[in-house]
Amino acid sequence: AKFTKVNKDECIACGACGAVAPDVFGYDDEGYAENILEGDNNQGVVEITDLESDVIDAAEGCPTEAIEVQDTPFN
Ligand code: F3S
């Protein structure tokens, strides 16, 4: 299983992640990315299912390594 959240302190609102994984990453009013999976609220608690490879690609492509991915829920 994989879980993800965006560390907004590191995000520079470059917009790459939402292009790579638009069903997982959206943006807040200031353009900073966040996990938009239903019920997640960027907490990294909703399991990513069929979108895992897209999320890993997005994390690897983020210029500031702001996207955190791990095998267990955050918090
Ligand atoms: Fe921010 Fe990285 Fe996405 S800088 S907009 S989290 S690709």
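Above this text you will find the structure in question.
Cut-offs and rules
Residues numbered from 1 in each chain as written. Predicted model: local features only at pLDDT ≥ 70, side-chain atom pairs only at ≥ 80, totals over all residues. Heavy atoms only, no water. Helix = DSSP H or I, 4+ residues; strand = E, 2+ residues; numbered from the N terminus. Rg over C-alpha atoms; globule rule 2.2 N^0.38 Å. Buried < 20%, exposed > 50% of the residue type's maximum accessible area, 1.4 Å probe, protein only. Contact = heavy atoms within 4.5 Å. Areas by Shrake-Rupley, 256 points an atom, 1.4 Å probe, with all protein chains shown as cover. Arc of directions from axis to C-beta. Polar contact = N/O pair within 3.5 Å; in protein donor to acceptor, adjacent residues only side chain to side chain. Near = heavy atom within 4 Å. Nonpolar A, V, L, I, M, F, W, Y, C, P; charged D, E, K, R; others polar.

**Thoughts on the overall build of the protein chain**
Inference 1: A tally of regular secondary structure across the protein chain gives two helices and four strands.
Inference 2: Secondary structure elements of the protein chain occur, N-terminal to C-terminal, as β-α-β-β-α-β.
Inference 3: At 11 Å, the protein chain has a C-alpha radius of gyration in line with the 11 Å of a compact globule built from 75 residues.
Inference 4: Once the C-alpha set of the protein chain is aligned to its principal axes, its extents read approximately 25 × 20 × 20 Å.
Inference 5: A total of 75 residues make up the protein chain; the buried ones form 33% of that total.
Inference 6: Summarising the internal contacts of the protein chain: among those between residues at least 6 apart in sequence, 61% fall at separations of at least 24.
Inference 7: For the protein chain, the exposed area adds up to about 4300 Å²; of that, 43% sits on carbon and sulfur atoms.

**A word on helix H2 (residues 52-61)**
Inference 1: Buried residues of H2: Val55, Ala58 and Ala59, and no others. One side of H2 holds all its buried residues, which, seen down the axis, span an arc of 100 degrees.
Inference 2: At its buried positions, H2 is contacted by strand S1 (3-6), helix H1 (16-20), strand S2 (25-27) and strand S4 (67-70).

**Some thoughts on the side chain of Asn35**
Inference 1: In this structure, Asn35 sits in strand S3 (residues 33-35).
Inference 2: A distance of 2.9 Å separates a polar atom in the side chain of Asn35 from the backbone oxygen of Thr4.
Inference 3: Aside from chain neighbours lying at most four places away, what touches Asn35 is Thr4, Val6, Val24, Phe25, Asp40, Asn41 and Asn42.

**What about the side chain of Thr4?**
Inference 1: Among the structural elements, Thr4 can be located in strand S1.
Inference 2: Among the polar contacts made by the side chain of Thr4, one reaches the main-chain carbonyl oxygen of Glu68 at a distance of 2.8 Å.
Inference 3: Residues within four places of Thr4 in sequence aside, it is in contact with Val24, Phe25, Asn35, Asp40, Gly44, Ile48, Val55, Ile67, Glu68, Val69 and Phe74.

**Topic: the site of the ligand**
Inference 1: Taken together, 13 residues sit near the ligand, with Cys11, Ile12, Gly15, Cys17 and Cys62 positioned nearest.
Inference 2: Grouping the amino acids of the shell around the ligand by side-chain chemistry returns eleven nonpolar, two polar and no charged.

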